[in-house]
Amino acid sequence: MLALNFVPSCFFGRSGQNSTCGASRKPLQWKLRTPLQLGKQGFVRLQRRTAQSGQPARGRSAFQISCTHGRPGGSSDAREAFDENDADFILSPEIYQSLSISDIDSGRYLKSIPRLQDFLPASQIPRVCNPATSKVSFRGLDNYDTSPNDVVLKQTVINPDKRRNFARYLRAGPRSWIAFRPEEVRAAIVTCGGLCPGINTVIRELTDGLWHLYDVRSIVGIRGGYRGFYNGTPYLELSPRTVDGIHRLGGTILGSSRGGFDLEQILGAIRRHGLNQLYIIGGDGTIRGAAAIAEACMRERLRVSVASIPKTIDNDIPVIDHSFGFMTAVEEAQRALNAAHVEATCFPNGIGIVRLMGRNSGFIAMYASLANRDVDCCLIPELPFEIEGPNGLAAFVEKRLQENGHFLLVVAEGAGQDLLAASTEIDASGNRKFNDIGLYLKERLQAYFNRENIEVSMKYIDPTYMVRAVPATASDQMYCAVLAHSAIHGAMAGFTSFTVGPVNGRHAMIPLQDVAGQQQRVDIRDRTWSRLLSSTGQPSSFLNQPAAALHQTA
Ligand SMILES: Nc1ncnc2c1ncn2[C@@H]1O[C@H](COP(=O)(O)OP(=O)(O)O)[C@@H](O)[C@H]1O
Ligand SMILES: O=P(O)(O)OC[C@H]1O[C@](O)(COP(=O)(O)O)[C@@H](O)[C@@H]1O
Ligand SMILES: [Mg+2]
């Protein structure tokens, strides 16, 4: 089922001879085994052979070729593939005949990323050999630039009986050709939304990476979030010197804010300041804003690459394995959990309650509890619960106190909001502000034990802001550096409207559309939550009618 929209003698890229970028690059031929079926679009896997030796080139390439009426089509992946293998390439009938199609697959699931080339004339896009490949640190590398055909699979556990229809994302990394001359780049970095450990590291690595790898000399920091684009606050000139040492600080040296997203004013600022690369660090709200900016730039044919670096302490961004700073927060939360445990064990019927962040997703609470091992119960927004009744939380606490004499409860801020009077408070970004579930549980449990005539010693700890205002731990520092570099490589290559992050451990570029407006939540039917249950020993439901629990979370 080969599917190509393809005219054999069509012209891809610019005319001329083979690529001259990179001394080691060899021209490649493709040998055809399966007749191409004209007039359809799809995905082929080609086995590349070098022209000289006729030997198969390293690896296989999967990419989409889309070509209509003898002209290069709209597929950025096709163009990327040609950029890499044979930059100036006429797909003549002879070469067409030597295409080797060794495997055919469906391309519907390739998550391609828009490129400047897709909406701007070729005359506006220089083809510049990637300067990073000649840097001392990379010169010795055999394989520095990323094959444009490399994809990262969303799903790695595969049931062979089921269809192989898994999403694939373009692998992040440096491309051999870039779409900006370093001296013309004017990059802007902005940080929005709540704090998260590692933001300063990302700012530093973006600045250092642009400067040292790509020789970019014009980098500015936008102060105070989106509104800083246009509210008159002077932009901060960034260089390796100005960002030196900031990775050891919590917070963001640029400042942040909620609200203040004004698309027209932001576009005006982009034009006025000649910005052509935006690095937007933020969570779900910020990403929705970044997607709107990228879309407007494409619509108005502005030569601007928009890259987002996903930031959220709540770890609620879909597709990526986890967000930066999240593990630091989990680590930092241990101090509160340990303190609450010590307090609980030292007094008769001691109950420690710790509230952690997690507006709609309970990842921090779940991972902090899993890591801690002393937690008796973890409550998250995804798990509806009742306090009273035979299956309710209070009865479980009482039982555990009888067995162990102490109890450690972790609760995510968004858990149990249905039990509280609905909050009407909204923050400047439109996020609903929650009432304090930790305090509520403290009061309700105290009332229960008073009623039961059981003396308890209740301690409530709320370290919510403490876990996100700290600098990143070592592993998050390294992670932030890779994220920053992935964003730079993508933007310099002319990709736009994308975010970056690890998918099954491999760093990928992900279309903003795939993450904007979606929220990752804990799946209380998957194995991680089962491990949590086995670690705490809590029941799978605190509802007096357990069937309802499944119903609500389905
Ligand atoms: N739907 C949206 N479209 C455009 N911008 C948005 C949208 N939602 C939020 N924003 C902007 O993104 C920024 C950060 O959003 P917020 O929700 O506070 O934090 P986060 O990005 O960390 O989730 C704010 O400046 C906010 O105005
Ligand atoms: O910083 P604020 O406005 O007090 O908001 C606190 C909220 O920020 C969060 O840390 C999430 O922030 P983001 O939406 O910026 O990722 C939530 O856990 C918490 O509800
Ligand atoms: Mg958010």
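Looking at an unreviewed UniProt entry, one finds the protein named ATP-dependent 6-phosphofructokinase, with Cyanidioschyzon merolae as its source organism. UniProt annotates the protein under Sequence similarities (unreviewed entry) with the comment "Belongs to the phosphofructokinase type A (PFKA) family. PPi-dependent PFK group II subfamily. Atypical ATP-dependent clade 'X' sub-subfamily."

Draft legend 1. Representation of the UniProt feature "binding site: Mg(2+)" (unreviewed entry) in the protein. As annotated by UniProt and renumbered to match this structure, "binding site: Mg(2+)" (unreviewed entry) occupies Asp284. Within the element layout of this structure, Asp284 appears in helix H7 (residues 284-299). When sequence neighbours within four positions are dropped, the list of residues in contact with Asp284 reads Asp316, Ile317 and Gln519.

Draft legend 2. Seen up close, the layout of surface pockets. Its volume calculated, the second largest pocket comes out at about 860 Å³. Around the second largest pocket, the lining is made up of 37 residues, and of these Gly194, Arg258, Arg359, Asp427 and Asn431 lie nearest the centre. Of all the elements, H7 adds the most residues to the lining of the second largest pocket, at five residues. Broken down by class, the residue content of the lining of the second largest pocket amounts to eight nonpolar, 14 polar and 15 charged. When we break the lining of the second largest pocket down by domain, the ones giving at least three residues each are domain 2 (177-323 + 472-514) and domain 3 (334-465 + 528-553).

Draft legend 3. Molecular detail of the site of ligand 2. Near ligand 2 there are 13 residues, and of these Gly194, Asp314, Glu413, Tyr465 and Arg468 occur at the shortest range. Between Gly194 and ligand 2, the recorded distance is 2.7 Å, taken from a backbone N or O atom to an oxygen atom. Contact between ligand 2 and Glu413: an oxygen atom at 2.5 Å from a side-chain N or O atom of the residue. In a pocket analysis with a 2 Å cut-off to the grid points, ligand 2 is assigned to the second largest pocket. A class-by-class count of the residues in the shell around ligand 2 yields three nonpolar, four polar and six charged. Residues lining the shell around ligand 2 come from more than one domain, with at least three contributed by each of domain 2 (177-323 + 472-514) and domain 3 (334-465 + 528-553).

Draft legend 4. Examining the sheet that holds strand E21 (residues 406-412) more closely. The parallel open sheet is built from four strands, whose spatial order is E20-E21-E19-E22. The sheet is open, and its two edges are formed by strand E20 (377-379) and strand E22 (457-461), each paired on a single side. On average, each strand axis in the sheet is inclined to that of its neighbour by 15°, with strand direction left out of account. Bridge analysis of E20 against E21 gives three bridges, and the strand direction is parallel. Looking across to E21, one finds that Leu379 is bridged to Val411. Taken strand by strand, helix H10 (residues 393-404) contacts strand E19 (350-356), E20 and E21, and its axis lies near 145° from that of E21.

Draft legend 5. Quick peek at the environment of Gln545. The residue Gln545 is located in the loop between helix H14 (527-536) and helix H15 (546-553) in this model. For the pair formed by Gln545 and Glu386, sequence separation is 159 residues and the distance between their alpha carbons is 9.9 Å.

Draft legend 6. Looking closely at the pattern of salt bridges. Within this structure, the stated rule accounts for 20 salt bridges. Between Asp427 and Arg258 there is a salt bridge, and its shortest N-O distance comes to 3.6 Å. Here the residue Asp427 occupies a position in the loop between E21 and helix H11 (437-451), and Arg258 occupies one in the loop between strand E16 (236-237) and helix H6 (263-273), the gap between them amounting to 169 residues. On the basis of relative accessibility, which here comes to 27%, the residue Arg258 falls in the partly exposed class. A salt bridge links Arg451 to Glu388; its shortest N-O distance comes to 2.8 Å. With Arg451 in helix H11 and Glu388 in the loop between E20 and H10, this pair connects stretches of sequence that are 63 residues apart. For Arg451, a relative accessible area of 52% translates into the label exposed. One continuous salt-bridge network, built from bridges that share partners, spans Arg204, Glu205, Asp208 and Asp244.

Draft legend 7. Representation of the domain arrangement of the protein within the structure. Looking at the protein, the domain boundaries give domain 1 (2-108), domain 2 (177-323 + 472-514) and domain 3 (334-465 + 528-553). Centre-to-centre separation of domain 2 and domain 3, based on C-alpha positions: 36 Å. Facing six residues of domain 2, the contacting portion of domain 3 comprises 10 residues. Both sides together, the interface formed by domain 2 and domain 3 hides about 710 Å², and carbon and sulfur atoms give 49% of it. Considering only the side of domain 2, the residues that lose the most area to domain 3 are Arg258, Ile313 and Asp314, jointly responsible for 64% of the buried surface there. Run the count over domain 2 and domain 3 and you get one salt bridge.

Draft legend 8. Geometry of unusual backbone geometry. Phi at Arg373 takes a positive value of approximately 75°, unusual for a residue other than glycine. Considering the arrangement of structural elements, one finds Arg373 in the loop between helix H9 (363-372) and E20. One non-glycine residue, Ser497, adopts positive backbone phi at about 55°. For Ser497, the location among the structural elements is in the loop between helix H12 (474-492) and strand E23 (498-503). A relative accessible area of 5% places Ser497 in the buried class.

Draft legend 9. Region of the structure containing the nonpolar core. By size, the foremost hydrophobic cluster in this structure holds 142 residues, and its most contacted members are Phe229, Tyr279 and Leu379. Built from parts of two domains, this core gets at least three residues from each of domain 2 (177-323 + 472-514) and domain 3 (334-465 + 528-553). Excluding anything up to four places from it in sequence, Leu379 contacts Phe385, Leu393, Leu409, Val410, Val411, Ala412, Ala415, Leu441 and Phe542.

The rules behind the values
- Once a new chain begins, its residue numbering starts again from 1 and follows that chain's sequence as written.
- The lettering of chains begins at A and the numbering of ligands begins at 1, in the order of writing.
- In keeping with the model being predicted, local features are shown solely for residues with a pLDDT of at least 70 and side-chain atom pairs are shown and tallied solely at 80 or more, while totals for entire chains, interfaces and linings include all residues.
- Hydrogens and water molecules were not included; the side-chain quantities draw on all heavy atoms of the structure.
- UniProt positions are given in the numbering used here, feature names are shortened, and annotations may be inferred rather than shown by experiment.
- Numbering goes from the N terminus for both helices and strands, where a helix is a DSSP run of H or I of at least four residues and a strand is a run of E of at least two.
- Contacts are assigned to residue pairs with any non-hydrogen atoms lying within 4.5 Å of each other.
- With a 1 Å grid laid over protein atoms only, a set of points is called a cavity when a 1.4 Å probe fits there but cannot get out and a pocket when it is open yet has protein on both sides within 12 Å along at least five of seven lines; lining residues have an atom within 4 Å of a point.
- Grid points are joined across faces, edges and corners, and a volume is the space filled by probe spheres set on the points.
- Three residue categories are used. Nonpolar comprises Ala, Val, Leu, Ile, Met, Phe, Trp, Tyr, Cys and Pro, charged comprises Asp, Glu, Lys and Arg, and polar comprises the others, including Gly.
- The start and end points of each domain follow an automatic or database-based domain assignment.
- Definition of nearness: a residue and a molecule or strand are near each other if at least one heavy atom of the residue lies within 4 Å of the molecule or strand.
- In protein, a polar contact means a hydrogen-donor-capable atom and an acceptor-capable atom, both N or O and within 3.5 Å, with residues adjacent in sequence counting only if both atoms are side-chain atoms; elsewhere, any N or O pair within 3.5 Å suffices.
- Each molecule is checked against the cavity or pocket grid, and it sits inside if more than half of its atoms lie within 2 Å of the grid points.
- Two strands form a pair only when DSSP identifies at least two bridges running between them.
- Lines fitted to C-alpha atoms define the axes, with helix axes restricted to the stretch in contact, and inter-axis angles between N-to-C directions lie between 0 and 180 degrees.
- What counts as a salt bridge is simple: a side-chain nitrogen of Lys or Arg found within 4 Å of a carboxyl oxygen of Asp or Glu.
- For the exposure calls, accessible area comes from a 1.4 Å probe over protein chains only, and a residue counts as buried if that area is under 20% of its type's maximum, exposed if over 50%, partly exposed in between.
- Using a 1.4 Å probe, buried area is obtained as the accessible area two parts lose upon being combined, added over both of them.
- Take the buried Ala, Val, Leu, Ile, Met, Phe, Trp, Tyr and Cys residues and link them wherever side-chain atoms come within 4.5 Å; each set so joined is a nonpolar core.

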